[in-house]
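Per-entry structural report
Next come the chains, spelled out residue by residue.
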Amino acid sequence: MNPDRQNPSVIIIGAGMTGIAVAIKLQQAGITRITVLEKAETIGGTWRENRYPGVACDVPSHAYTYSFEPNPEWSSFFADGKEIYEYFKRVYLKYGIDQYTHLNEGVISCHYQQGKWMVQTTQNKTYEADFLFSATGILHQPLYPNIPGLDKFAGIAMHSARWPEKIDLKGKRIGVIGTGSSAAQLIPELINSEGTDVTVFQRTAQWLVEAKNKPYSEADKKRYREKPARMELVKKISLSVFAQGTSALVKDNLWGRLMHKLFAWNAKRYLHHSIKDPVLREKLTPRYKFGCKRVVMNCTFYPAIQKPNAHLVTEGIDHIEADGVVTRDGKLHRLDILVMATGFNPAAFMRPMDFRGRGGLSIEDAWQKKISASRSLLIPGFPNFFLMLGPNSPIGNYSVIAMSEMQADYCISLIKGWQENTFNEIEARPQAVERWRAMLKSKMSHTVWASGCQSWYLDKDGDPLTWPDTWKNWVAMMQAPDTDSLVTD
Ligand code: NAP
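Residues numbered from 1 in each chain as written. Predicted model: local features only at pLDDT ≥ 70, side-chain atom pairs only at ≥ 80, totals over all residues. Heavy atoms only, no water.

What surrounds the ligand is a group of 24 residues, the closest being Asp58, Ser182, Thr204, Lys293 and Trp456. Taken together, the residues that form the shell around the ligand break down as nine nonpolar, 11 polar and four charged. (Near = heavy atom within 4 Å. Nonpolar A, V, L, I, M, F, W, Y, C, P; charged D, E, K, R; others polar.)

This is how it looks when you write it as structure tokens:
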């Protein structure tokens, strides 16, 4: 290795679970000239921002754990948001990532100039680096519904990902728009709060798979501490169930169809067994193929929605007034609080930064035709830049941690070439991105996402925003860089 090049400078945008993983992996690879820029006053990304009542992760806790930092102390099979946040904070401090991190420094612009990335922040500082990682997450910019009159609502209106630190729910009439994964966790907590009356505005009935939680006893934790292989086994089994689930969504072969039928049957069985009232059951019955939208995994929503203070409204929202929501049947649903559990813009990535690659090429121009990156990570015209969890990463029903780690390893293996002096700049060839898109398109036609529903898995042209193939094939692809796709200078 060239001694002058052993320790490249690296900037990481974002101190969420992905940014922390990248920083730790760089450190482990001997790269210590790291700057982590975090816009907020604390780390944690999605687990800092989502603090609505009931926030949790529907990926089992032992599978939602860094491979290098297993955690025998998880309190339950599925951990809640606060515990997950604390886990990441603990790891962040343990590995000393705080020494590299600048909090309250949002990135305004990133410009590639004369072989370096120049990054300007809200503190009016400019940082320079050889390599730049964007680890801003995918689902971080709330999507607000475009409903007439929303701005006229006189009560408290908020997005599920913008939950206030303090809010008095006691005795309140609360409306929730949306029935996705966030809503399914949140709604039961609202229904079970003292004296509330909760109206749920459902546009589309969701497929819901029962995900029973189980607390870990002290004896369980002791066993995990003493025999870490047990944790690894829980992780392996959990991830293999997720991998099977994904195969059922993306493979139109005999096995895929069989698995798809099995998962759908299991979800239907849970619905029938849980919801007693046939009218309510009918309203909650999904009308599209299982898995076309992100499957909701939950065990609190069905019991809660049958309580007397819960109302499921499926008439469709016409408009919003000062006093509440008016549905298409002309009925005014009077509300004190309106929660929009309406999801996120999945294509925001490092927007709204002024992001420019070689020759001042803006990301807007580069992505004019399509938001795309070779293997999700590298963009032509943006040398020495890695877009973590970029478009078509296998987001959906899988552990994001495993993905981030694998992508970090992949990028660090590319940086090795720079350290060995084999190149100064690395980026994707434009033809590689064309090939990548064509491959995604051809695989997409075999998936359940192309079966006619509307979801954030697809862009406005119906092309995939997620990975339309199996987890196994993604892992195989990530084992080694595809040198044909890369251009180095
Ligand atoms: P989401 O899955 O995008 O769901 C948004 C909900 O809002 C849907 O029910 C949607 O209805 C509804 N909606 C949107 N605009 C509407 C409008 N104008 N009028 C009426 N209804 C409207 O959002 P999310 O629940 O926040 O979840 C987003 C993603 O975050 C998930 O897909 C998942 O990847 C991740 N997540 C993960 C966990 C976890 O435990 N791991 C938990 C929460 C979220 P339609 O279905 O009709 O569009």
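What follows deals with helix 4 (residues 181–191). Among the 11 residues in helix 4, nine count as buried, and that is most of the element. Turning to helix 4, its buried residues are Ser182, Ala183, Ala184, Gln185, Leu186, Ile187, Pro188, Leu190 and Ile191. At its buried positions, helix 4 is contacted by strand 9 (173–177), strand 10 (197–201), strand 12 (296–298), helix 9 (301–305), strand 13 (310–313) and strand 17 (337–340). (Buried < 20%, exposed > 50% of the residue type's maximum accessible area, 1.4 Å probe, protein only. Helix = DSSP H or I, 4+ residues; strand = E, 2+ residues; numbered from the N terminus. Contact = heavy atoms within 4.5 Å.)

Glancing now at the environment of Asn473. Relative to the helices and strands, Asn473 is located in helix 13 (residues 471–477). For Asn473, a relative accessible area of 33% gives the class partly exposed. Considered as a pair, Asn473 and Arg429 are 44 residues apart in the sequence and their alpha carbons are 22 Å apart. With residues near it in sequence (within four places) discarded, Asn473 still touches Lys251 and Trp467.

What the four strands build is an open sheet, ordered 6-5-4-18; its pairing is mixed. Bordering the open sheet on either side are strand 6 (126–129) and strand 18 (354–356), each of which pairs with just one other strand. Across the sheet, the mean angle from the axis of one strand to that of its neighbour is 20°, orientation sign disregarded. Summarising the sheet, strand 4 (residues 107–113) and strand 5 (residues 116–121) pair through six bridges and their orientation is antiparallel. Looking at strand 5, one finds that Ser109 is bridged to Gln120. (Pairing = 2+ DSSP bridges. Axes fitted to C-alpha atoms, helices over the stretch in contact; angles between N-to-C directions.)

For Thr18, the location among the structural elements is in helix 1 (residues 17–28). Residue Thr18 is classed as buried on the basis of its relative accessible area, which comes to 6%. Of the polar contacts made by the side chain of Thr18, one reaches the side chain of Ser404; its length is 2.8 Å. In this structure Thr18 touches Ala135, Met388, Leu389 and Ser404, once residues within four positions along its chain are discounted. (Polar contact = N/O pair within 3.5 Å; in protein donor to acceptor, adjacent residues only side chain to side chain.)

What follows deals with the state of the cysteines. By definition, a disulfide links two cysteine residues through a covalent bond between their sulfur atoms. The full count for this structure, using the stated rule, is one disulfide. Unpaired in terms of disulfides, Cys57 finds its nearest cysteine sulfur in Cys299, a separation of 14 Å. A relative accessible area of 26% places Cys299 in the partly exposed class. (Disulfide = S-S within 2.5 Å.)

This part takes up the nonpolar core. By size, the foremost hydrophobic cluster in this structure holds 146 residues, and its most contacted members are Ile12, Leu26, Tyr66, Phe88, Phe133, Met350 and Phe355. Considering each element in turn, this core owes the most residues, 11 residues, to helix 11 (residues 400–419). When neighbours within four sequence positions are excluded, Tyr66 is seen to be in contact with Met17, Ile20, Ala21, Tyr87, Phe88, Val91, Lys235, Ile401 and Glu405. Judged by nonpolar contacts, the second largest core, of 12 residues, contains Ile147, Leu150, Val313 and Met340. (Core = buried A, V, L, I, M, F, W, Y, C linked by side-chain atoms within 4.5 Å.)

The contact between helix 5 (residues 218–226) and helix 6 (residues 228–250) brings their axes to 4 Å, and the two run at 105°. With respect to helix 6, the element helix 5 is oriented roughly perpendicular. Residue-level inspection shows Arg223, Tyr224, Arg225 and Glu226 of helix 5 in contact with helix 6, the latter providing Pro228, Arg230, Met231 and Val234. Each residue belonging to the contact of helix 5 with helix 6 can be placed in one class, and the counts come to four nonpolar, no polar and four charged. (Parallel < 35°, antiparallel > 145°, perpendicular 65-115°, else oblique.)

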